[in-house]
Amino acid sequence: VVHNALYGRNYAKYAEMAGINYTVYYADYHGMSEEDYGQTRFYSGGKVWNYRSSHSWIKVPGVNETARASVEEQMLYHCLVLGKECSLSTPPSPALSSLTDACKKATIDVCPDGFDCERCISKHSTSLTAAGCPSWKVAGRVCIDFCNSRGQLVI
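An account of the accompanying structure is given in this report. As the structure is a computational prediction, the values presented were derived from the model and not from experiment. (Residues numbered from 1 in each chain as written. Predicted model: local features only at pLDDT ≥ 70, side-chain atom pairs only at ≥ 80, totals over all residues. Heavy atoms only, no water.)

Considerations on the nonpolar core
Stated precisely, the cut-off is as follows: Only buried residues count toward a nonpolar core, which is a set of Ala, Val, Leu, Ile, Met, Phe, Trp, Tyr and Cys residues joined through side-chain atoms within 4.5 Å. A 1.4 Å probe rolled over the protein chains alone gives each residue an accessible area, and that area as a share of the maximum for its type sets the label: buried under 20%, exposed over 50%, partly exposed in between. Strands here are runs of E lasting at least two residues and helices are runs of H or I lasting at least four, both read from the DSSP assignment and numbered beginning at the N terminus.
Formed by 14 residues in total, the largest nonpolar core has its most connected members in Leu-99, Ile-121 and Cys-143. Those elements giving two or more residues to this core turn out to be α3 (101–110), α4 (117–123) and α6 (136–149). In this structure, Trp-57, Ile-58, Val-63 and Leu-76 belong to the second largest nonpolar core, which totals 10 residues.

In structure tokens form, the structure reads like this:
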């Protein structure tokens, strides 16, 4: 979780003194001393990041494929801390053709052309699930894609 640079640096300093595992990234800040610079420095997301870790976090398999200090890297770190096996790959979404005719009709009925499909599908997810659409949590995106596809010209 990203905080002010000085907090990140001090967290690392005190975690090290207490013998607690840690990983921090922090930007340069006014008044930094030579010892405040990270073990390594990375350029990512338009910033230079100082990196410190007690356990070589960036060498953990899968982490080297993410951008430093990115949301994806933070998610992997949370998984490590919580002892969970996580993957950054997303399962493929069901195809539009997987929607039943009843689901398509219900979508057309509750979200006519001109509506914001994402808001409409989300708002009516319970009734759409009851009409045979996949649940919002499982495949809401495919219903939104169907809704949006009705406004496209097919030649």
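A closer look at the sheet that holds strand β2 (residues 40–44)
Hydrogen bonds between backbone groups are what pair the strands of a sheet, and the pairing can be parallel or antiparallel. Cut-off, in case you're wondering: Strands were regarded as paired on the criterion that DSSP finds at least two bridges between them. What counts as an axis is a line fitted to C-alpha atoms, over the stretch in contact for a helix, and the angles between N-to-C directions run from 0 to 180 degrees. Contact between two residues is taken to exist if any of their heavy atoms lie within 4.5 Å; hydrogens are not considered.
Spatial strand order, β1-β3-β2: three strands in an open sheet with antiparallel pairing. The outermost strands of the open sheet, each flanked by one partner alone, are β1 (23–26) and β2. Strand-to-strand twist across the sheet, computed as the mean angle between neighbouring axes with direction ignored, equals 30 degrees. Across four bridges, β1 lies against strand β3 (residues 47–53) in antiparallel orientation. By the bridge assignment for β3, Thr-23 is matched with Ser-53. Relative to β1, helix α1 (residues 5–18) is tilted by about 150 degrees, and along the sheet it contacts β1 and β3.

Here we look at the state of the cysteines
Rules: The definition used for a disulfide is geometric: two cysteine sulfur atoms within 2.5 Å.
Enumeration according to the criterion identifies four disulfides in this entry. Here Cys-117 pairs with Cys-147 through a disulfide, and the sulfurs are 2.1 Å apart. Negative torsions about the S-S bond denote left-handed disulfides, and the value of about -70 degrees found for Cys-117 with Cys-147 makes this one left-handed. Remark: Cys-147 occurs in helix α6 and Cys-117 occurs in helix α4; sequence separation between them is 30 residues. For Cys-117, a relative accessible area of 5% puts it in the buried group. A residue is classified by how much of its surface remains accessible, and Cys-147, at 2% relative accessible area, is buried.

A look at the side chain of Arg-9
The test is simple: In protein, a polar contact requires one atom able to donate a hydrogen and another able to accept it; more generally it is a pair of N or O atoms within 3.5 Å, and residues adjacent in sequence count only if both atoms are side-chain atoms.
Counting through the fold element by element, Arg-9 comes out in helix α1. Within the structure, Arg-9 has its side chain in polar contact with the backbone oxygen of Glu-35 (distance 3.4 Å). Those residues in contact with Arg-9 that lie beyond four places of it in its chain are Tyr-26, Tyr-29, Glu-35, Asp-36 and Arg-52.

Side note on the pattern of salt bridges
Oppositely charged side chains can pair when the atoms bearing their charge come close. For clarity, the threshold we go by: The term salt bridge refers to a pairing of a side-chain nitrogen on Lys or Arg with a carboxyl oxygen on Asp or Glu at a separation within 4 Å.
One pass over the structure, following the stated rule, counts four salt bridges. Across the salt bridge formed by Asp-28 and Arg-41, the nearest N and O atoms sit 2.8 Å from each other. With Asp-28 in the loop between β1 and β2 and Arg-41 in strand β2, the pair connects residues that are 13 residues apart, well separated along the chain. Classification of Arg-41 by relative accessible area gives partly exposed; the value is 37%. As a salt-bridge pair, Asp-109 and Lys-105 come within 2.9 Å of each other at their nearest N and O atoms. Taken as a pair, Asp-109 and Lys-105 lie in helix α3 at a separation of four residues, close to a single helical turn. Among the residues examined, Lys-105 registers a relative accessible area of 52% and is labelled exposed.

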